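# Architecture and fold: a report
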Amino acid sequence: MRVLSQFLTSVSDASRFPPPTLPEVAFLGRSNVGKSSVINSLLGAKIAKTSSTPGRTRAINFFEVRFQGKPRAEMIFTDLPGYGYAKLSREISSQWPSFIEPYLNDRPNLALCLALIDVNVPPQESDRRLLDFLNASGRTVLIVATKADRLSSNQLHNVMKTLAAEFPQAQVLPFSARTGTGREEVWRQIRSATGLQS
Ligand code: GDP
């Protein structure tokens, strides 16, 4: 399946989110977790460049997603600012710009939140806070365990068990942007959450 995607807009003000017409899939994670790589891998294009594109890193970036052969876009991917850079462990809400919480709490068309966790870094306090926050907002969450290619299958198995035990409320899937591991399964979850047929 070929995906045609297009950068739509970059928003840092809750009053300027685009109209909530298509189902949205949000990508969240600590800085350097591999978020741009996951988005680029799913879309088959180097469209997300959060760390190297000035001005886009503290905003929510909206990407339209269209499947080849379809006349129009069917969903939106939203790339949220990475968290966890602050030296002191703080509330997610104090590290994040003020438009993030309204987005996660109130966006009516937000169908699925992908919470990314690097398999090489044990879950941090900021990850737990995010997961608690999403849980409290009643969001459907899929944990994507990134950079899975860096571990042996035995190590990966153990990390997946640890993540599943720590976050029982969400499904956890291993992913590697490098090898393509997990790509099809993550797409299946996205299609299911957004109401599209597989
Ligand atoms: P972001 O800051 O969360 O958007 O992260 P990036 O996508 O820019 O990736 C951060 C770093 O992790 C880069 O050096 C990537 O090359 C590396 N990386 C990302 N995905 C993978 C992966 O699947 N496997 C491996 N081995 N490295 C990865």
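Whatever comes next refers back to the structure up there.
Residues numbered from 1 in each chain as written. Predicted model: local features only at pLDDT ≥ 70, side-chain atom pairs only at ≥ 80, totals over all residues. Heavy atoms only, no water.

## Focus: the site of the ligand
- The environment of the ligand is formed by 14 residues, the closest being K35, S36, S37, D149 and A177.
- A distance of 3.2 Å is found between an oxygen atom of the ligand and a backbone nitrogen or oxygen belonging to N32.
- Here an oxygen atom of the ligand and a backbone polar atom of V33 are 3.2 Å apart.
- When the free accessible area of the ligand is taken as 580 Å², the share hidden by the protein chains comes to 79%. (Near = heavy atom within 4 Å. Polar contact = N/O pair within 3.5 Å; in protein donor to acceptor, adjacent residues only side chain to side chain. Areas by Shrake-Rupley, 256 points an atom, 1.4 Å probe, with all protein chains shown as cover.)

## As for the sheet that holds strand 4 (residues 75-79)
- The sheet built from 7 strands is open, its strands ordered 1-3-4-2-5-6-7 with mixed pairing. Lying at the two open borders of the sheet, with one neighbouring strand each, are strand 1 (3-11) and strand 7 (171-174). Pairs of neighbouring strands in the sheet enclose a mean axial angle of 25°, with direction left out of account.
- For strand 1 and strand 3 (residues 60-67), the ladder comprises 8 bridges, and the chain directions are antiparallel. When the sheet's bridge partners are listed, V3 is paired in strand 3 with F67.
- Across the sheet, helix 6 (residues 183-193) is in contact with strand 1, strand 2 (24-29), strand 3, strand 4, strand 5 (110-118), strand 6 (141-146) and strand 7; its angle to strand 5 comes to roughly 155°. (Pairing = 2+ DSSP bridges. Helix = DSSP H or I, 4+ residues; strand = E, 2+ residues; numbered from the N terminus. Axes fitted to C-alpha atoms, helices over the stretch in contact; angles between N-to-C directions. Contact = heavy atoms within 4.5 Å.)

## Let's talk about the pattern of salt bridges
- As enumerated under the stated definition, the model contains 7 salt bridges in all.
- Between R128 and E125 there is a salt bridge; the shortest N-O distance is 3.3 Å. Note that R128 and E125 are positioned in helix 4 (residues 125-136) at a spacing of 3 residues, about one turn of the helix.
- The exposure class assigned to R128 is partly exposed, which follows from its relative accessible area of 29%.
- For E125, a relative accessible area of 37% corresponds to the partly exposed category.
- Each member of the salt-bridge network shares a partner with another, and the members are E125, R128 and E166. (Salt bridge = Lys/Arg side-chain N within 4 Å of Asp/Glu carboxyl O. Buried < 20%, exposed > 50% of the residue type's maximum accessible area, 1.4 Å probe, protein only.)

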